[in-house]
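Chains, contacts and geometry: an overview
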Amino acid sequence: MKQDIILAGVGGQGIISIAYVIASAALEEGLEVKQAEVHGMSQRGGAVQSHLRLSRQRIWSDLIPRGEADLILSVEPLEALRYLDYLRPDGMVISSRVPFVNIRDYPDVEILLRKIREAPRHLIIDSEKLAREAGSSRTQNMVLLGAAAGRLMVKEESLTRFIRTLFERHGENIVAANLKAFALGKAVAAAADYVPASGRS
Amino acid sequence: MKPEILLGDEAVALGAIHAGLSAGYSYPGTPASEIMEYLIKAAAKSQSFVASWSVNEKVAYEEALGVSFAGKRALVSMKHVGLNVAADPFMNSALTNLNGGLVVVPADDPGMHSSQNEQDSRFYAGFAEIPCFEPSNHQEAYEMTREAFAISERFGLPVMIRLVTRLSHSRSTVQPREPRGQNELRHGSSQDWTLLPVNARRRFKALLDSQAALVRLSEESAFNSLQLNEKDRLLGILASGIAFNYVQENLAGREDSPSILKVCTYPIPEKLIRRLVEHVQTVLVVEEGFPLIERSLQGLFGIPGKTIRGKLSGDLPRTGELSPETVRSALGLKPLERLGLGGFELAARPPQLCAGCPHADTFQALNKAVGEYPKGNVFSDIGCYTLGAYPPYRAVQTCVCMGASVGMAKGGAESGIHPSIAVIGDSTFGHSGLTPLLEAAAADTNMTVFILDNGTVAMTGGQPSYASGNRLLKMIEGLGVAREHIRVIEPLPKNLERNVLVIKEEIEHRGLSVIVAVRECLEEAKKKRRSG
């Protein structure tokens with residue numbers, strides 16, 4: 001059993017934090033883990049992605065082969081589409097609907113969302129609204145992680161434990177906000193009526 | 001000991017610590033920075049070894065040499081092009097009969113994620129005739145670093161660990177082993193370390209004499225492996241470093257897998273390669289970086305009766321990183337089914353200056369002042385401010401290597417460019433800008449040097465800068481720049497008109513001017529606020 005996940009977003013949106021939480025949880029559960037990430041120049045407001053691979057068997061490549069990803073988890077809709085060719089035909093896209101506009105030719109967000117909905121399995125979330133509800137707009141990445149939690153091969157308890165570990169040096173309020181963001185994302189995903197390809201008209 | 005999740009960079013750092021490291025030195029550069037970041041954190045915790053950022057890679061290497069002379073173990077790390085800066089001490093260190101172990105770790109950046117070129121450091125190891133390890137995974141990065149120290153002390157040679165971005169910046173599990181202690185202080189032999197011709201000739205011969213033993217060591221290394229498929233005499237794969245993973249990603253578990261030779265040590269393990277080549281008709285060479293092994297197999301005239309395929313033959317791309325897909329295609333396998341955009345075009349999102357970045361204000365003022373001189377040129381350097389080349393600024397016209405802006409501005413000025421302007425950050429100035437400015441000051445060249453002092457090495461994550469603040473101003477004056485032509489501006493929107501005026505005055509000055517734009521990096525200011 002294995003799971004290949006592309007994490008996507010813009011430099012500074014907290015992709016590496018999502019990766020840290022899932023990877024640490026996976027290690028604790030005795031899984032093999034490889035996680036390739038982007039440092040350096042692209043982190044300055046550019047497109048960033050992380051290839052996260054979990055498996056019960058040996059993992060060879062640090063990069064996910066195109067066509068192998070089970071899930072694209074994106075904090076930003078334009079970035080969700082950038083890695084679509086990594087997704088297996090029955091893979092899923094979970095993306096925020098909130099655009100991060102720092103380029104002049106940023107497309108109409110509705111067109112992007114329509115394109116995401118063309119994926120046979122998808123879930124689009126208002127991460128900003130939920131993050132504000134959780135107490136900090138900086139917790140959007142944890143909203144997305146929460147939305148994916150039910151579909152990951154690691155346990156929810158392991159994820160929340162490492163959210164705590166990740167944020168505890170910033171104080172209990174920040175930890176609480178991130179845990180709440182995670183819970184809100186999870187609740188939305190549970191309630192979501194994503195449409196399987198076969199169910200479409 | 002418990003397994004840990006580490007970046008490839010960190011696995012090397014931990015391997016060095018567990019090999020009895022006494023000191024590590026480096027200059028920040030992607031994708032190598034996290035080696036030193038890890039060492040610095042670990043040193044602060046244990047207080048048992050030295051780990052520090054150096055002013056540049058050459059100095060870092062020389063500091064490491066001093067440690068080795070003292071009989072202790074040293075690690076020096078840098079991005080690939082940093083080894084160009086350190087090439088002088090690096091090449092000569094192979095002749096010194098090192099005392100304490102010295103391991104040099106250049107991190108290559110195939111695909112140029114954050115670099116100016118794709119140079120392959122394995123050539124440097126061959127050039128200096130020293131051993132090199134090329135790890136394919138994190139555990140190997142850890143183990144090879146430990147073994148590299150042992151080999152370094154056994155042969156008196158520096159040993160290279162060649163990393164690439166995908167390993168440096170990928171995390172995976174490392175199972176550490178019992179650490180060993182550090183060496184005692186013990187001076188090196190001055191006859192070996194004083195490279196006067198009489199000593200250097202003797203030492204060079206010793207280096208050449210050790211080559212056969214190094215090849216044997218490489219041939220016997222447990223990091224290499226050969227799996228022959230007795231039934232398939234057609235195709236054999238030779239894969240080095242992380243390229244081996246891409247081969248296995250596509251072939252592991254298949255019963256009809258062709259023969260595979262994994263090569264992770266240099267000099268090239270000749271006997272192993274001979275066994276593969278004799279077994280098959282066609283050898284596909286898969287290596288990340290330049291076609292080093294492929295070219296040596298192919299030679300000028302090839303191997304009679306055998307076909308060598310790889311990057312030179314066009315089976316694999318000559319530029320950029322390898323990937324599971326490019327290797328899959330070279331193996332002749334069908335691409336995996338996948339979703340795609342179906343022709344939908346996505347807007348690119350290149351890196352850019354942060355909103356409110358001081359460099360943005362500097363470029364705005366600079367553009368406004370220089371706009372009046374159609375024949376001017378702005379020579380830039382390596383750092384966040386290189387992003388000033390992108391719209392909306394389009395403020396700089398060159399970026400070549402660390403410190404090049406100042407020397408190029410002088411050459412440009414001497415060829416008739418006016419205004420000839422250099423733009424360089426404070427840390428890059430400390431790294432390689434002092435010496436060309438010394439020359440420009442002595443000649444009083446008609447040029448204007450901008451030093452953007454944001455107090456940090458911002459692009460690589462905020463490492464300390466040695467040439468900042470008051471020390472920077474004193475250095476500029478000490479190099480002989482006239483005091484009245486050292487101007488300090490604060491790049492803020494409200495100062496725009498005033499700053500444009502200063503720039504124009506100094507452009508009009510027929511001689512050398514230095515304008516220092518002082519404002520703290522926003523990211524660093526944020527970090528300080530957050531940590532209280």
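Residues numbered from 1 in each chain as written. Chains lettered and ligands numbered in written order. Predicted model: local features only at pLDDT ≥ 70, side-chain atom pairs only at ≥ 80, totals over all residues.

**Focus on the overall build of chain A**
The criterion, for reference: Helix and strand definitions follow DSSP, with helices as H or I runs of at least four residues and strands as E runs of at least two, each counted in order from the N terminus. When we talk radius of gyration, it's over C-alpha atoms, and the globule rule is simply 2.2 Å times the number of residues to the 0.38. With C-beta atoms placed from the backbone, the exposure class of a residue follows from how many other C-beta atoms lie within 10 Å of its own: 20 or more, buried; 12 or fewer, exposed; in between, partly exposed.
In terms of helices and strands, chain A carries 7 helices and 6 strands. Secondary structure elements of chain A occur, N-terminal to C-terminal, as β-α-β-β-β-α-β-α-β-α-α-α-α. Computed over C-alpha atoms, the radius of gyration of chain A comes to 16 Å, within 12% of the 17 Å expected from 2.2 N^0.38 for 201 residues, which places it in the range of a compact globule. Principal axes of the C-alpha set define a box for chain A whose edges measure 45 × 40 × 40 Å. Split into buried and exposed, the 201 residues of chain A put 59% on the buried side.

**Considering the interface of chain B and chain A**
Frequently, the measure chosen for interface size is the accessible area removed from exposure when the parts meet. Keep this limit in mind: C-beta atoms are first placed from the backbone for all residues, and any pair lying within 7 Å is then listed as a contact. Lys, Arg, Asp and Glu make up the charged group, whereas Ala, Val, Leu, Ile, Met, Phe, Trp, Tyr, Cys and Pro make up the nonpolar group; the residues left over, Gly among them, are polar. When DSSP finds two or more bridges between a pair of strands, those strands are recorded as paired.
In this complex, chain B contributes 40 residues to the contact, which on the side of chain A involves 42 residues. Breaking the side of chain B that touches chain A down by element, the ones donating at least two residues are helix H8 (165-168), strand E9 (170-174), helix H12 (243-251) and helix H15 (324-330) of chain B. For the side of chain B that touches chain A, the class distribution of residues is 20 nonpolar, 13 polar and 7 charged. Across 3 bridges, the pairing between strand E2 (residues 32-36) of chain A and E9(B) is antiparallel. The partner of Ala36(A) across the bridge, within E9(B), is Ser170(B).

**Some points on the packing of helix H6 (residues 156-167) of chain A against helix H7 (residues 172-191) of chain A**
Residue and element names in this part refer to chain A. Going by this rule: Between N-to-C directions, angles span 0 to 180 degrees; the directions come from axes that are lines fitted to C-alpha atoms, helices contributing only their stretch in contact. For any helix crossing, the convention is left-handed if the near helix is rotated counterclockwise from the far helix by under a right angle, and right-handed if that rotation is clockwise.
One way to put it is that H6 packs onto H7 with a least axis distance of 9 Å and a crossing angle of 150°. The handedness of the crossing between H6 and H7 is right-handed. Two secondary-structure elements touch here, H6 through Thr160, Ile163, Arg164 and Phe167 and H7 through Ile174, Val175, Asn178, Leu179 and Phe182. Tallied by class, residues from the contact of H6 with H7 come to 6 nonpolar, 2 polar and 1 charged.

**Structural notes on the nonpolar core**
Quick reminder of the rule: For our purposes the nonpolar core covers buried Ala, Val, Leu, Ile, Met, Phe, Trp, Tyr and Cys residues that link as a set through C-beta atoms within 7 Å. Segment limits for the domains were obtained from an automatic or database-derived domain assignment.
Counting residues in each nonpolar core, the largest one holds 166 residues, and the members touching the most others are Ile22(A), Ile72(A), Leu144(A), Val103(B), Val105(B), Leu238(B) and Val286(B). Ranked by residues supplied to this core, first place goes to helix H1 (residues 15-28) of chain A with 11 residues. Each of two domains, domain 1 (4-209) and domain 2 (225-330) of chain B, supplies a minimum of three residues to this core. Discounting residues that sit within four places of it in the chain, Ile22(A) has contacts with Leu52(A), Leu152(A), Val154(A) and Leu159(A). Judged by nonpolar contacts, the second largest core, of 51 residues, contains Leu353(B), Ala395(B), Val406(B) and Ala467(B).

**Things to note about helix H18 (residues 426-443) of chain B**
All names here are of chain B. Applied cut-off: In this analysis, the expected span of each helix is defined as 1.5 Å times one less than the number of residues it contains. Throughout, the bend at a residue refers to the angle made by two axes, fitted to the seven residues ending there and to the seven starting there.
Over its 18 residues, H18 runs only 22 Å from end to end, short of the ideal 26 Å by more than 12%, given 1.5 Å per residue. The largest bend along H18 reaches roughly 70° and is located at Gly433, with the proline Pro436 sitting one to four residues downstream. The inward-facing, buried residues of H18 contact helix H17 (404-414), strand E17 (420-425), strand E18 (448-453), strand E19 (456-457) and helix H19 (469-478). A positive phi of about 45° marks Asp444, the residue just after H18.

**Observations concerning the sheet that holds strand E12 (residues 259-263) of chain B**
Residue and element names in this part refer to chain B. Here we have 5 strands laid out as an open sheet, ordered E10-E12-E11-E14-E15, and mixed in their pairing. Every other strand in the sheet has two partners, leaving strand E10 (225-227) and strand E15 (307-309) as the edge strands with one partner each. Ignoring strand direction, the axes of neighbouring strands in this sheet form an average angle of 15°. In terms of strand pairing, strand E14 (residues 282-286) meets E15 through 3 bridges, oriented parallel.

**Things to note about the pairing of strand E3 (residues 47-55) of chain A**
Residue and element names in this part refer to chain A. In terms of burial, E3 is largely enclosed, as 8 of its 9 residues are buried. The pairing of strand E1 (residues 2-10) with E3 spans 9 bridges and is classified as antiparallel. Looking across to E3, one finds that Gly9 is bridged to Val48. Of the pairings in the sheet, the one linking E2 to E3 comprises 5 bridges and is antiparallel in character. Bridging from a neighbouring strand, Gln35 pairs with Leu52 of E3.

**Some details on the environment of Glu477(B)**
Residues and elements named next belong to chain B. Within the secondary structure, Glu477 is located in helix H19. C-beta crowding within 10 Å serves as the criterion here: with 14 such atoms nearby, Glu477 is assigned to the partly exposed category. In this structure the C-alpha to C-alpha distance between Glu477 and Ser427, which are 50 residues apart in sequence, comes to 17 Å. Dropping the residues within four chain positions of it, Glu477 is found in contact with Arg483 and Ile486.

**Let's talk about the domain arrangement of chain B**
By the assigned domains, chain B splits into domain 1 (4-209), domain 2 (225-330) and domain 3 (358-528). The C-alpha centroid of domain 3 of chain B is placed 48 Å from the C-alpha centroid of domain 2 of chain B.

**Topic: helix H20 (residues 496-508) of chain B**
All names here are of chain B. The line we're drawing: Note that the arc is defined by the directions from the helix axis to the C-beta atoms.
When the terminal C-alpha atoms of H20 are compared, their 18 Å separation across 13 residues agrees well with the 18 Å that a helix rising 1.5 Å per residue should span. Where H20 is concerned, the buried positions are Asn499, Val500, Ile503, Glu506 and Ile507. Each buried residue of H20 lies within a common arc of 130° when the element is viewed along its axis, so the set occupies one face. Those residues of H20 that are exposed and angled more than 90 degrees off the buried face are Glu497 and Glu508. Along its buried surface, H20 packs onto helix H16 (358-370), E18, strand E21 (486-489) and strand E22 (513-518).

**Let's talk about unusual backbone geometry**
Residue and element names in this part refer to chain B. Note the cis peptide between Pro391 and Pro392, where omega equals 5°. With an omega dihedral of -5°, the bond running from His418 to Pro419 counts as a cis peptide bond. Inspection of the secondary structure puts Pro419 in the loop between H17 and E17. You will see that Gln47, though not glycine, has its phi angle at about 55°, which is positive. Mapped onto the elements of the fold, Gln47 is located in the loop between helix H2 (33-46) and strand E3 (50-53). Positive phi, normally seen in glycine, also occurs at Met112, with a value near 50°.

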